[in-house]
Each structure stands twice: as structure tokens, then as C-alpha cells.
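# Architecture at a glance
If you want the building blocks of each chain, they are given just below.
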Amino acid sequence: MDKLTVQQRHANMAAIRSKDTKPEMIVRRGLWKRGFRYRLNHKRLPGHPDLVLRKYRTCIFVNGCFWHGHLVNMEHLENSQCCKIPKTNHDFWVAKIRRNKERDKEEQRRLAEMGWHCITVWECELKPSKREETLESIAFTLNHIWLQDHQACVISYPEIEEEEIHIPIAAESNLKQE
Ligand SMILES: [Zn+2]
């Protein structure tokens with residue numbers, strides 16, 4: 001079934017997973033413009049996330065709808081608007097897309113275990129008519145994540161208060177402002 005040599009396959013995969021594919025560039029530029037800073041293709045994290053925002057403990061994956069089987073029902077093999085499994089070599093494509101989806105899930109599970117949030121941005125969400133809305137929503141989610149992480153510290157504050165009950169009121173209100 002697989003007639004490609006290892007080198008050919010590597011070259012193919014490299015072309016397919018090219019680092020500067022257009023959808024990824026849209027997300028990078030959109031977030032940069034909104035003041036977010038990130039690292040690219042972090043090699044040490046599972047799945048080599050396309051963008052890594054350390055401050056937000058967040059990894060962003062920009063997924064092609066076809067390769068990652070966006071909205072495809074793998075159980076009943078129902079195509080979606082943005083991912084139509086080819087009729088030719090159907091079983092091959094089903095197996096391939098299923099593997100990709102399982103790998104995505106596994107990588108995100110491992111990232112979550114390591115304390116990372118994951119955001120998946122789909123290619124179809126970046127078409128011109130939806131682009132700005134999608135970027136706004138990513139920015140909103142990132143700010144929300146930051147606030148939540150930050151609030152977790154505030155919530156744990158009463159325990160500290162109990163231990164250090166002798167802190168004068170003035171100092172305490174200073175602490176609360178932080
Ligand atoms: Zn899609």
C-alpha cells in the first residue's frame with residue numbers, strides 16, 4: 001500500500017506540516033497585533049504546539065480541517081462541511097484521519113496533565129468572513145484563562161490570612177490589592 005520511500009514520505013510530511021502555513025500565520029499575526037507574545041513549535045512539549053504562550057500557560061494548535069478531521073463523525077463516518085473523506089482509498093483516509101484525531105487528543109491530554117491549557121483553532125474559522133471574530137475570541141479566551149489562573153491565587157489567600165493572623169489591617173489591605 002505504501003510505495004513511498006522513507007525520504008519521500010518525510011519530504012511529503014514536511015510540506016504538509018510546513019511551519020509557515022497560511023492559517024498559522026493568520027493566528028500569529030492576529031495575536032501579535034493584539035499584544036500577545038509566543039514561542040513557535042515548542043520542541044519539548046507534546047505535539048509541538050504551533051504557538052506557546054507561557055504567560056497564559058496555553059498552547060495553541062492551528063489545525064487543518066481535512067488532516068485533523070474537523071467535525072467528522074468518526075463513528076458513523078459522516079463527512080462535515082470542511083472535511084470530506086475521499087471516496088477513493090476511503091479506508092486508508094479513514095484510518096489516517098482517525099489516527100491523527102487520536103494523536104491530537106492524546107497530546108492535549110498530556111499537555112493538560114502538565115498544567116497547560118490548549119486552544120485548537122480550525123482552518124475554517126480563519127476564512128476572511130470569520131477571521132476577526134475568531135481572533136477576538138482567542139484573545140478573550142486567553143484573557144479569561146489568565147484571570148482564572150490569577151483568581152486561583154486570590155482564592156487560596158484566606159489560608160495565608162489564618163496562619164498570619166497578626167498582620168496589621170493596613171498591610172493586609174495592601175496585600176489584597178495585589
Ligand atoms: Zn473546519
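Everything below is about the structure shown above.
Calculation notes
Residues numbered from 1 in each chain as written. Predicted model: local features only at pLDDT ≥ 70, side-chain atom pairs only at ≥ 80, totals over all residues. Heavy atoms only, no water. Helix = DSSP H or I, 4+ residues; strand = E, 2+ residues; numbered from the N terminus. Buried < 20%, exposed > 50% of the residue type's maximum accessible area, 1.4 Å probe, protein only. Contact = heavy atoms within 4.5 Å. Pairing = 2+ DSSP bridges. Core = buried A, V, L, I, M, F, W, Y, C linked by side-chain atoms within 4.5 Å. Donors = N, O, S within 2.8 Å, 3.2 Å for Na, K, Ca; no water. Tetrahedral: all angles 85-135°; square planar, octahedral: opposite > 155°, others 65-115°. Phe/Tyr/Trp six-rings, centres within 6.5 Å; stacked < 30°, edge-to-face > 60°. Expected span 1.5 Å × (residues − 1).

## Comments concerning the environment of E78
Note on placement: E78 falls in the loop between strand 3 (58-63) and helix 3 (90-113). Classification of E78 by relative accessible area gives partly exposed; the value is 45%. Sequence-distant contacts of E78, defined by excluding residues within four places in its chain, comprise V72 and N73.

## Here we look at the sheet that holds strand 2 (residues 51-53)
Spatially, four strands are ordered 1-2-3-4 in an open sheet, and the strand pairing comes out mixed. Each having just a single partner strand, strand 1 (39-40) and strand 4 (117-122) make up the two edges of the open sheet. Pairing of strand 3 with strand 4 involves six bridges; the strand directions are parallel. Counted as the bridge partner of I60 is I119 from strand 4.

## Here's the deal with the nonpolar core
Within soluble globular proteins, side chains that are nonpolar generally end up buried alongside one another. Of all hydrophobic cores here, the largest spans 17 residues; its most connected members are V27, L31, L51, L53, I60, I138 and L142. Those elements that place two or more of their residues in this core are helix 2 (22-33), strand 2, strand 3, strand 4 and helix 4 (128-155). At four residues, the largest contribution of residues to this core is made by helix 4. If we skip the residues at most four places from it in the chain, L53 touches F36, R37, Y38, T58, I60, W116 and L142. Within the second largest apolar cluster, seven residues are counted, among which are V72, I85, V94 and I97.

## Section: the coordination of the zinc ion
The zinc ion binds to the protein through C65 (SG), H70 (ND1), C82 (SG) and C124 (SG), with metal-donor distances spanning 2.0 to 2.4 Å. Taken together, the four donor atoms coordinating the zinc ion and their angles of 100 to 120° define a geometry best described as tetrahedral. Between the donor residues of the zinc ion, the gaps in sequence give the motif C-x4-H-x11-C-x41-C. One end of the pair, C65, is in the loop between strand 3 and helix 3; the other, C124, is in the loop between strand 4 and helix 4, and 59 residues separate them in sequence.

## Overview of the packing of aromatic side chains
Following the criterion strictly, the structure yields six aromatic pairs and no others. Look at W32 and Y38: their rings are 5.9 Å apart centre to centre, the planes differ by 75°, and that puts the pair in the edge-to-face class. W32 sits in the partly exposed class, given a relative accessible area of 46%. The structure contains a cluster of three or more aromatic residues connected by ring pairs, namely F66, W67, F92 and W93.

## Some thoughts on helix 3
Look at helix 3: 35 Å from first C-alpha to last across 24 residues, which is about the 34 Å you get at 1.5 Å a residue. Residues of helix 3 that are buried: W93, V94, K96, I97, N100, D104, E107 and L111. Once helix 3 ends, the next one or two residues include G115, with phi positive near 90°.

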